[in-house]
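# Inside the fold
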Amino acid sequence: NVLVEDARTGLTVETLKKAIQNNLFYVQGKYPEIATRNDYYMALAYAVRDRILQRWVASVKQYLQEKHRIVSYLSAEYLLGPHLANNLINLGIYKETEQATKELGISLDWLIEKEVEPGLGNGGLGRLAACYMDSLATLEVPAIGYGIRYQFGIFEQDIRDGWQVEDTDNWLRRGNPWEIARRELSYDVKLGGYLQHYTDRDGKFRSKWIPELTVKGVAYDTPILGYKVNTTNTLRLWKSEAPRSFDFQSFNAGDYNFAVNQKIVCENLSKVLYPNDETLNGKKLRLQQQYFFVSCSLQDMIGIHLRQGEKIEDFQSTFSVQLNDTHPAVAIAEMMRLLLDEHDLDWSTAWRVTSRTFAYTNHTLLPEALEKWDLELFQSVLPRHLEIIYEINRRFLDEVTVRVYGDPEKIRSLSLIGEGPRKYIKMANLACVGSYAINGVAALHTELLKKTVLKDFYALYPEKFSNKTNGVTPRRWMVLSNPKLTELISSKIGDGWIKHLEELSGLEKFADDPDFQKQWMDVKLEMKKNLARKIKNRTGIDVNPESMFDIQVKRIHEYKRQHLNILHVITLYNRIKQNPEIDIVPRTFVFAGKAAPGYKLAKLMIKLINSVGDIVNNDPDVKDRLKVVFYPNYNVTNAQKIYPAADLSEQISTAGKEASGTGNMKLSMNGALTIGTLDGANVEIRECVGEENFFLFGLTAEEVARIKSEGYNPYGYYQNNAELKLAMDQISSGYFSHLDDTVFKDLVKSLLYDDQFLLFADYQSYIECQDKVDVAYRDKVKWAKMSILNTARMGKFSSDRSIQEYCEDIWKVKSVPVSLNG
Ligand code: 26W
């Protein structure tokens, strides 16, 4: 049993103060007069961690007491964002800590801003994993997240002369108080080498894998505390190291250079996150990374299962393993290898266990994002797994040939191996064959999956498919990032909505209340002033907080169409130039997002945004009615400052391309109205908030497909639309680039003659819709009402709802409340 008010567990202002002072002395070795801001940050972080540890230990105990099925989430990315403030909120001690630090003469905000966020993900998929970990803990579901402890996360973006410049993200530089290194918890992972085939004593044909290299994975655990519950789950990230034994062997053989070199090779595996999203580059190191974390995780799970006294063939009764896209899909082959080669099961038993263990979430329909591995490359890293995949494929195709009446086209599409100039492994096919459940991340996306990319699998196994519309955690994306709005909402409907987001509907009855509208818009204005200050600091640009904040923040990608947004900016600018007295609503366009370092056109889109900004922001004719801001280094920390300030949320991807989107949800929850296409979760958001509270434009996914199949001619649209033509001519002639007509050549060419993402086909519809936004914004009362109704009707998009659905339909797990003195 735990003392209620000791310095490591107490939650009062007094004990918190004492804990911070204690840690300053005993952990940082400092006294107040010489302590730095980082010393205080660390002292507070350890004080918070102590309180979480108490709950963490209690959770582990609880889980081991009786048998519960545990959710295991396998993800190559976790985009967590800063921990400190989130943990204070979930512990329910934000106010107390604010008071405690104040009494020590320091500001809590100042410490919170000191934290360097762990950017261990690219974008949507990584952030979703983080929201899901929060919801699993909040719903008191036993869960463990597995991933990679990248030494360098997503690069830091700087803008120089309008161009993106990348810098390394050395997030561990000042240490990480939120993790515990479990040196004793480590596994060996084999890589490369060759197979030896032999027949064993029982006459069984066997493959022995003689690896070229063995690396060691060491567990680093981070506690994930739920909101106002004791449940604290584990995020277990693997760091790669050289096994000790290896050094010795080579060293004794006198090959010092070789030993040192091998050590570097081993450590490289968890060195850096690949910064591509939605395009694969087929690098060997990425496959090694994927296999490394998957193998460590499965060995760990099997260990946990067996230590509970269970039989290996009952593995699926202890764990349900979710594959976050195909990045960890090699787990299916690895599970088979572990069961066959290390645990001596026969094929059919091993396959029964495996195919009842895994479930697969698809996050993209873009063909260039579907993972394929060159067969020879795959073999050079995982020779035994290739053999296993061949056998899975042989048995699978044997079984399906009958069912598809030997249709060679179907068989080719279902096969795990692709043929061509070079053979390759199709990871999505492996995931589909080896999983008992397959899901998309929004209703439209799941329908498209069933009709296109996974069509043949849907025909074979319709019962495996379901939709699980994404969601986001209201704790981080409302309570933490928008405390003023949180307070206002709670003053009207209480604070139950934080855990039960549907309760936001209680706000509907205040949507017409003038006092409430005023308070609502006052909060918005205050958040806009905050962001304006940040923008000024970071970019030097003055923006008017009374102007409409029109915001597009997300990875930079052609399919997301930031350049369509910029075409609108140019169009408004030209209207002003042609008629300087024109009456338009002042707007501040905020863009933010990173481009994959190797993605030339995306980088050019950033340059274009900045070049247009330079002209528009400084033209006296504009009279400050338009401002274009590119806010550098978009990450979780910056997102938290941006969402609350948005009036308008740009969700303008080509219909059928954005699997779901989750930023769309965060913006709408914070009272932004959406201008968007019928794509991803936009469809469902519009259904919920009401079509009169959503600015819809553009082609539907079906229309896009039809136009493409009929032969799309962007040049025709360009010739026939005067405003579009003018904007394009200006870009190409160097109007925005000091008359340099070479800078944007590639971008202009790709639009005029190819325009894969149908910007030109959607241009007119977009502009007309933006004109409606302009009109709507002038009616302050109506806008306030629409804004309130957006928030009020977003209940569905809590990640708690998503996780509940996964628990009931896929994982079949229930909550296990944790008590502190059990
Ligand atoms: C092989 C390279 C690569 C890397 C990352 C391909 C694909 C990815 C991810 C699947 C990209 C991603 O983050 N997808 C996003 O997932 C979100 C969460 O489900 C969705 O909301 C977004 O629409 C989808 O783009």
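Residues numbered from 1 in each chain as written. Predicted model: local features only at pLDDT ≥ 70, side-chain atom pairs only at ≥ 80, totals over all residues. Heavy atoms only, no water.

Our focus in this paragraph is the domain arrangement of the chain. Structurally, the chain comprises domain 1 (1-66 + 90-116), domain 2 (67-82 + 117-469 + 805-811) and domain 3 (501-698 + 762-797). For domain 1 versus domain 2, the separation of C-alpha centres amounts to 35 Å. In this complex, domain 1 contributes 22 residues to the contact, which on the side of domain 2 involves 29 residues. Between domain 1 and domain 2, roughly 2400 Å² of surface is buried when both sides are summed, and carbon and sulfur atoms account for 60% of that area. At the boundary of domain 1 with domain 2, the tally comes to zero salt bridges. Across the contact surface, domain 1 and domain 2 share 10 residue pairs in polar contact (both at pLDDT 80 or more). Contributions of two or more residues to the side of domain 1 that touches domain 2 are made by helix H2 (37-65) and helix H3 (84-91). Of the residues in the side of domain 1 that touches domain 2, the class split is 12 nonpolar, five polar and five charged. (Domains from an automatic or database assignment. Contact = heavy atoms within 4.5 Å. Buried area = accessible area lost by both parts, 1.4 Å probe. Salt bridge = Lys/Arg side-chain N within 4 Å of Asp/Glu carboxyl O. Polar contact = N/O pair within 3.5 Å; in protein donor to acceptor, adjacent residues only side chain to side chain. Helix = DSSP H or I, 4+ residues; strand = E, 2+ residues; numbered from the N terminus. Nonpolar A, V, L, I, M, F, W, Y, C, P; charged D, E, K, R; others polar.)

Quick look at the environment of leucine 608 now. Relative to the helices and strands, leucine 608 is located in helix H23 (residues 600-618). A residue is classified by how much of its surface remains accessible, and leucine 608, at 3% relative accessible area, is buried. With 445 residues separating them along the chain, leucine 608 and tryptophan 163 place their C-alpha atoms 8.9 Å apart. Sequence-distant contacts of leucine 608, that is, excluding residues within four places in its chain, are made with Ile566, Ile731, Phe744 and Leu747. (Buried < 20%, exposed > 50% of the residue type's maximum accessible area, 1.4 Å probe, protein only.)

Moving on: the pattern of salt bridges. Note that side chains of opposite charge can pair when their charged atoms are close. In total, this model carries 56 salt bridges according to the counting rule given. A salt bridge links glutamate 710 to arginine 706; its shortest N-O distance comes to 3.8 Å. Remark: arginine 706 and glutamate 710 occur in helix H27 (residues 701-710); sequence separation between them is four residues, near one turn of the helix. For glutamate 710, a relative accessible area of 58% puts it in the exposed group. Residue arginine 706 is classed as partly exposed on the basis of its relative accessible area, which comes to 47%. Taken together, the shared-partner salt bridges connect Arg182, Asp221, Arg236 and Asp300 into one network.

Let us now look at the site of the ligand. Lining the immediate environment of the ligand, one finds 21 residues, of which Glu278, His363, Asn470, Glu658 and Gly661 sit closest. Serine 660 is positioned such that a nitrogen or oxygen atom in its backbone is 3.0 Å from an oxygen atom of the ligand. Considered on its own, the ligand offers 570 Å² of accessible surface; in the complex 98% of this is hidden by protein. The element best represented in the shell around the ligand is helix H6 (residues 124-138), accounting for three residues. Grouping the amino acids of the shell around the ligand by side-chain chemistry returns seven nonpolar, eight polar and six charged. Both of domain 2 (67-82 + 117-469 + 805-811) and domain 3 (501-698 + 762-797) provide at least three residues apiece to the shell around the ligand. (Near = heavy atom within 4 Å. Areas by Shrake-Rupley, 256 points an atom, 1.4 Å probe, with all protein chains shown as cover.)

Here helix H4 (residues 94-103) has its buried residues at Thr97, Ala100 and Thr101. Burial along H4 is one-sided: seen end-on, the buried residues are contained in an arc of 95 degrees. Opposite its buried face, H4 presents the exposed residues Lys95 and Lys102, each directed more than 90 degrees away. Looking at the buried side of H4, the elements it contacts are helix H1 (13-26), H2, H3 and helix H5 (108-112). (Arc of directions from axis to C-beta.)

Our focus in this paragraph is the packing of aromatic side chains. Evaluation of the coordinates by the stated rule reveals 22 aromatic pairs. Summarising the aromatic geometry, the rings of tyrosine 573 and tyrosine 735 are spaced 6.2 Å apart at their centres and angled 65 degrees between planes, so their arrangement reads as edge-to-face. Of this pair, tyrosine 573 sits in helix H22 (residues 562-578) while tyrosine 735 sits in the loop between helix H29 (722-733) and helix H30 (745-753), and the two are 162 residues apart along the sequence. Residue class for tyrosine 573 comes out buried when judged on its relative accessible area of 1%. Look at tyrosine 712 and tyrosine 717: their rings are 5.7 Å apart centre to centre, the planes differ by 50 degrees, and that puts the pair in the tilted class. (Phe/Tyr/Trp six-rings, centres within 6.5 Å; stacked < 30°, edge-to-face > 60°.)

Phi angles above zero are rare outside glycine, and asparagine 633 is one such case at about 55 degrees. Looking at the secondary structure, you find asparagine 633 in the loop between strand E21 (626-630) and helix H24 (636-642). On the accessibility criterion, asparagine 633 (12% relative accessible area) is buried. Even without being glycine, aspartate 755 reaches a positive phi, approximately 45 degrees. Along the chain, aspartate 755 falls in the loop between H30 and helix H31 (759-778).

Moving on, we get to the pairing of strand E20 (residues 587-592). Burial analysis of E20 places six of its six residues in the buried class, which makes it a mostly covered element. Going residue by residue along E20, you find Arg587, Phe589 and Phe591 tucked away on one face and Thr588, Val590 and Ala592 tucked away on the opposite face as well. The pairing of strand E19 (residues 548-553) with E20 spans six bridges and is classified as parallel. What sits directly across from isoleucine 551, in E20, is valine 590. In terms of handedness, the path from E19 via H22 over to E20 forms a crossover that is right-handed. Here five bridges tie E20 to E21, and the two strands are oriented parallel to one another. Within E21, the residue paired with arginine 587 across the bridge is leucine 626. Following the chain from E20 across H23 to the adjacent parallel E21, one finds a crossover that is right-handed. (Pairing = 2+ DSSP bridges. Right-handed = clockwise from strand over helix to strand, strands pointing away.)

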